[in-house]
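Spelled out, the chains give:
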Amino acid sequence: KKIASDLKSNIEQEVKLKEEALRSKSELEATLKQKMKQLESDIIAVTSNAEKSINEKKAEVQQMQATLARLRDEIKDETKLKEDALDNCDQLEAQLSKIRSNSENSIKA
């Protein structure tokens, strides 16, 4: 009877250990599934934030390119105006020189 009782006790202990192991395994699986869901959520959030940042930077670059193009056009226009003004100045100086020369010739004659 003692042997049967010991065997029964050993079997009950083995069953309890097996049940505890299964519970632990189930808890670990649940914890892992929860962590995996959290990681998936984090990956989605990071990806979304990265795409948003990229799009913002693209918009900034496009705006800067547009500003740069506008500034280049303004510089080109201002340069043209200055060159035209210098040309007009040269023409005026030539006309003044001619008038002086004619005046001097008239006075001498």
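Each remark here, short or long, concerns the structure printed above.
## Considering the overall build of the protein chain
Part 1 of the reasoning: A count of helical and extended segments in the protein chain gives one helix and zero strands.
Part 2 of the reasoning: A compact globule built from 109 residues would reach a C-alpha radius of gyration of about 13 Å, whereas the protein chain, at 46 Å, exceeds it by more than 25%.
Part 3 of the reasoning: Structurally, the protein chain occupies a C-alpha span of about 160 × 15 × 5 Å along its principal axes.
Part 4 of the reasoning: Relative to its full complement of 109 residues, the protein chain shows a buried share of 0%.
Part 5 of the reasoning: If you sum the accessible surface of the protein chain, you get close to 10,600 Å²; carbon and sulfur atoms cover 57% of it.
Part 6 of the reasoning: Here the protein chain holds 21 positive side-chain charges and 22 negative ones, and the gap between their average locations is 8 Å.

## Quick word on a negative patch on the surface
Part 1 of the reasoning: On the surface, Glu83, Asp87, Asp90 and Glu93 cluster together into a negatively charged patch.
Part 2 of the reasoning: Looking at the element boundaries, Asp90 is found in helix H1 (residues 2-108).
Part 3 of the reasoning: By relative accessible area, which is 49% here, Asp90 ends up partly exposed.

## Describing the pattern of salt bridges
Where charged atoms from two side chains of opposite charge approach closely, those side chains can pair.
Part 1 of the reasoning: This structure, assessed with the given rule, holds four salt bridges.
Part 2 of the reasoning: Its salt-bridge partner being Lys57, residue Glu60 comes within 3.8 Å of it at the nearest N-O pair. Of this pair, Glu60 and Lys57 are both found in helix H1, three residues apart, which corresponds to roughly one turn of the helix.
Part 3 of the reasoning: Judged by relative accessible area, Glu60 falls into the partly exposed class, the value being 38%.
Part 4 of the reasoning: A salt bridge links Asp84 to Lys80; the shortest N-O distance between them is 3.3 Å. Within this pair, Asp84 and its partner Lys80 are both found in helix H1, separated by four residues, close to a single helical turn.
Part 5 of the reasoning: Relative accessible area serves as the criterion here: at 30%, Asp84 is assigned to the partly exposed category.

Thresholds, definitions, all that
- Residues numbered from 1 in each chain as written.
- Predicted model: local features only at pLDDT ≥ 70, side-chain atom pairs only at ≥ 80, totals over all residues.
- Heavy atoms only, no water.
- Helix = DSSP H or I, 4+ residues; strand = E, 2+ residues; numbered from the N terminus.
- Rg over C-alpha atoms; globule rule 2.2 N^0.38 Å.
- Buried < 20%, exposed > 50% of the residue type's maximum accessible area, 1.4 Å probe, protein only.
- Areas by Shrake-Rupley, 256 points an atom, 1.4 Å probe, with all protein chains shown as cover.
- Lys, Arg positive; Asp, Glu negative; His and termini not counted.
- Charge placed at Lys NZ, Arg CZ, Asp CG, Glu CD.
- Patch = residues over 30% accessible without salt bridge, like charges linked within 9 Å, V, L, I, M, F, W, Y side chains within 5 Å.
- Salt bridge = Lys/Arg side-chain N within 4 Å of Asp/Glu carboxyl O.

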